[in-house]
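Here is what each chain is made of, one letter per residue.
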Amino acid sequence: MATYIPSPKDWVAAQVELYEGSGGIDGTTLKGLPVVIVTNKGWKTGAIRKTPLMRVEVGGKYVLVASQGGAPKHPLWYHNLKADPKVKIQDGTEIYEMTVREVTDESEKSQLWKSAVEAYPPYEEYQERTSRPIPVFLAE
Ligand code: F42
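Residues numbered from 1 in each chain as written. Predicted model: local features only at pLDDT ≥ 70, side-chain atom pairs only at ≥ 80, totals over all residues. Heavy atoms only, no water.

**Student:** Mind laying out the overall build of the protein, listing which residues take part and the relevant values?
**Tutor:** Counting secondary structure elements, the protein contains four helices and eight strands. Along its sequence from the N terminus, the protein presents helices and strands in the succession α-β-β-β-β-β-α-β-β-α-α-β. Taken along the three principal axes of its C-alpha coordinates, the protein extends 40 × 35 × 30 Å. In the protein, 60% of the contacts between residues at least 6 apart in sequence involve partners at least 24 apart. Approximately 7800 Å² of the protein is accessible, and the part contributed by carbon and sulfur atoms is 55%. On the protein, the mean spot of the 17 positive side-chain charges and the mean spot of the 18 negative ones are 6 Å from each other. (Helix = DSSP H or I, 4+ residues; strand = E, 2+ residues; numbered from the N terminus. Contact = heavy atoms within 4.5 Å. Areas by Shrake-Rupley, 256 points an atom, 1.4 Å probe, with all protein chains shown as cover. Lys, Arg positive; Asp, Glu negative; His and termini not counted. Charge placed at Lys NZ, Arg CZ, Asp CG, Glu CD.)

**Student:** Can you break down the site of the ligand residue by residue, with the values?
**Tutor:** Neighbouring the ligand are 26 residues, the closest being Gln15, Trp43, Lys44, Thr45 and Tyr123. For the ligand, an oxygen atom lies 2.9 Å from a polar atom in the backbone of Pro52. In this structure, Tyr123 approaches the ligand through a side-chain N or O atom, which is 2.6 Å from an oxygen atom. Taken by itself the ligand offers 1000 Å² of open surface, and the protein chains cover 85% of this. Put simply, the ligand lies in the largest pocket. Where the shell around the ligand is concerned, the elements lending two or more residues are helix H1 (10–21), strand S3 (48–54) and helix H2 (76–83). Of the residues contributing to the shell around the ligand, the split by class is 14 nonpolar, nine polar and three charged. (Near = heavy atom within 4 Å. Polar contact = N/O pair within 3.5 Å; in protein donor to acceptor, adjacent residues only side chain to side chain. 1 Å grid on protein atoms, 1.4 Å probe; cavity = no way out; pocket = protein on both sides within 12 Å on 5 of 7 lines; lining within 4 Å. Sits in = over half its atoms within 2 Å of the grid points. Nonpolar A, V, L, I, M, F, W, Y, C, P; charged D, E, K, R; others polar.)

**Student:** Residue-level account of the pattern of salt bridges, with values.
**Tutor:** Evaluated as defined, the whole model comprises seven salt bridges. The salt bridge partner of Lys82 is Glu102, with a shortest N-O separation of 2.8 Å. Residue Lys82 is found in helix H2, and its partner Glu102 is found in strand S7 (residues 94–102); the two are separated by 20 residues along the sequence. Under the relative-accessibility criterion, Glu102 is labelled partly exposed at 22%. For the salt bridge of Arg129 with Glu125, the shortest nitrogen-to-oxygen distance reads 2.6 Å. Here Arg129 pairs with Glu125, and both are found in helix H4 (residues 122–129), just four residues apart, close to one helical turn. (Salt bridge = Lys/Arg side-chain N within 4 Å of Asp/Glu carboxyl O. Buried < 20%, exposed > 50% of the residue type's maximum accessible area, 1.4 Å probe, protein only.)

The following block contains the structure:
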């Protein structure tokens, strides 16, 4: 079985531990807004990776925004999901097995981007901060 390797960022690993350890009761927000935990495989190591992301729910599907605070490069989980789209998403006490796809159709992407910014307004500022178009996945 693959081993779980926690994020090297302490605050991220701590949030995952609190979220999962409480069964989705504690550690479920960032800046007062809800967060989901995405579990997937690392495409090079095969290890299990867990990434907290803002909760952007649209009709039972989840929008995953690879913003990384407007950093110049995509987060590594972007490459993991491109290589293997199977994920587990924990939303509070619920856990769903889902498949993700990167949204490349411009009109679909702009619609989902609107939902993302409604759920977490700082995404707008993150996009202004970087010249890379921030990738968006839809988990369904
Ligand atoms: N990040 C976002 O991009 N969007 C969000 O909405 C978001 C919300 C959020 C809420 C709460 C919270 O605690 C964190 C939040 N973050 C959000 C930060 C997010 O959880 C990630 O920490 C951030 O996006 C960076 O992702 P990353 O995958 O680049 O993480 C790095 C620091 C990391 O964990 N690296 C590991 C490492 O060891 O360096 C894992 C590396 C990895 O995945 N390796 C792959 C493998 O095979 O195992 C290979 C990857 C490759 O291509 O080399």
